[in-house]
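Listed below are the residues making up each chain.
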Amino acid sequence: MGKVAAKIKVMPSGTEIDLDELQERLEQSLPEGAKINGFERDDVAFGLVALLPTVIVPDDAGGTEAVEGSFTEVDGVESVAVENVGRI
């Protein structure tokens, strides 16, 4: 079984969200078998900055759905969207 790398765009619920704390909460929320292989930040508009973690998950049924679901439940997250997926 291979692995998949997915870049996921995580939008914070506002400009007042501490991105370093949000990053830690996202890392702690990961389901078993998934890991984060780095974060990028993307200036969206008017001081709003999106986090773009690259997540490594096993290549099995469901793909990134478990990670997306866990990220959605994190306090301070407005939305989660998969930007890019590729096998590694």
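Every chain begins its residue count from 1, and numbering advances along the sequence as written. Where local features are concerned, this predicted model is filtered to residues with pLDDT of at least 70; where side-chain atom pairs are given and counted, the filter is 80 or more; whole-chain, interface and lining totals use all residues. As a convention, hydrogens and water are excluded, and side-chain values are obtained from all of the structure's heavy atoms.

Caption draft 1: Broad picture of the overall build of the chain. Regarding its fold elements, the chain presents two helices and four strands. Secondary structure elements of the chain, listed N to C terminal, follow the sequence β-α-β-β-α-β. Just to be clear, the radius of gyration here is over C-alpha atoms, and the globule rule we use is 2.2 Å times residues to the power 0.38. For the chain, the C-alpha radius of gyration of 13 Å lies close to 12 Å, the compact-globule estimate for 88 residues. Judged by the C-alpha coordinates and their principal axes, the chain covers about 40 × 20 × 15 Å. Expressed as a percentage of the 88 residues in the chain, the buried residues total 39%. Two residues qualify as a contact provided that any one of their heavy atoms is within 4.5 Å of a heavy atom in the partner residue. Expressed as a percentage of contacts within the chain between residues at least 6 apart in sequence, the contacts between residues at least 24 apart total 68%. Computed by Shrake-Rupley with a 1.4 Å probe, the accessible areas treat only the displayed protein chains as cover when residues are assessed. Carbon and sulfur atoms make up 44% of the accessible area of the chain, which amounts to about 5200 Å² in all. Asp and Glu are treated as the negative residues and Lys and Arg as the positive ones, with His and the ends of the chain left uncounted. Here the site of a charge means atom NZ of a Lys, CZ of an Arg, CG of an Asp or CD of a Glu. For the chain, the separation between the mean place of its 7 positive charges and that of its 18 negative charges on side chains is 8 Å. Each helix is a run of H or I in the DSSP string that is no shorter than four residues. Each strand is a run of E no shorter than two, and both are numbered from the N terminus. Buried means the residue's accessible area, taken with a 1.4 Å probe over protein chains only, is under 20% of the maximum for its type, while exposed means over 50%, and partly exposed covers the values in between.

Caption draft 2: Quick peek at the pattern of salt bridges. What makes a salt bridge here is a side-chain nitrogen of Lys or Arg within 4 Å of a carboxyl oxygen of Asp or Glu, nothing more. Applying the stated criterion across every chain yields a total of five salt bridges. Residue Lys7 pairs with Glu40 through a salt bridge whose shortest N-O separation is 2.9 Å. Of this pair, Lys7 sits in strand β1 (residues 3–12) while Glu40 sits in strand β2 (residues 35–45), and the two are 33 residues apart along the sequence. Residue classification places Glu40 among the partly exposed positions, given a relative accessible area of 40%.

Caption draft 3: Representation of the sheet that holds strand β3 (residues 48–58). Here four strands make up an open sheet; going across it, the order is β2-β3-β1-β4 and the pairing antiparallel. Single-partner strands in this sheet number two, and they are β2 and β4 (77–87). Pairs of neighbouring strands in the sheet enclose a mean axial angle of 25°, with direction left out of account. The rule for pairing is simple: two strands pair if DSSP sees at least two bridges between them. When β1 meets β3, the two strands line up antiparallel, connected through six bridges. When the bridges of β3 are listed, Lys7 appears paired with Thr54. Axis angles are defined between N-to-C directions and span 0 to 180 degrees, where every axis is a line fitted to C-alpha atoms and, for a helix, only to the segment in contact. Across the sheet, helix α1 (residues 19–29) is in contact with β1, β2, β3 and β4; its angle to β2 comes to roughly 145°. On top of the sheet, helix α2 (residues 65–72) reaches β1, β2, β3 and β4; it is set at about 160° to β4, its chief contact.

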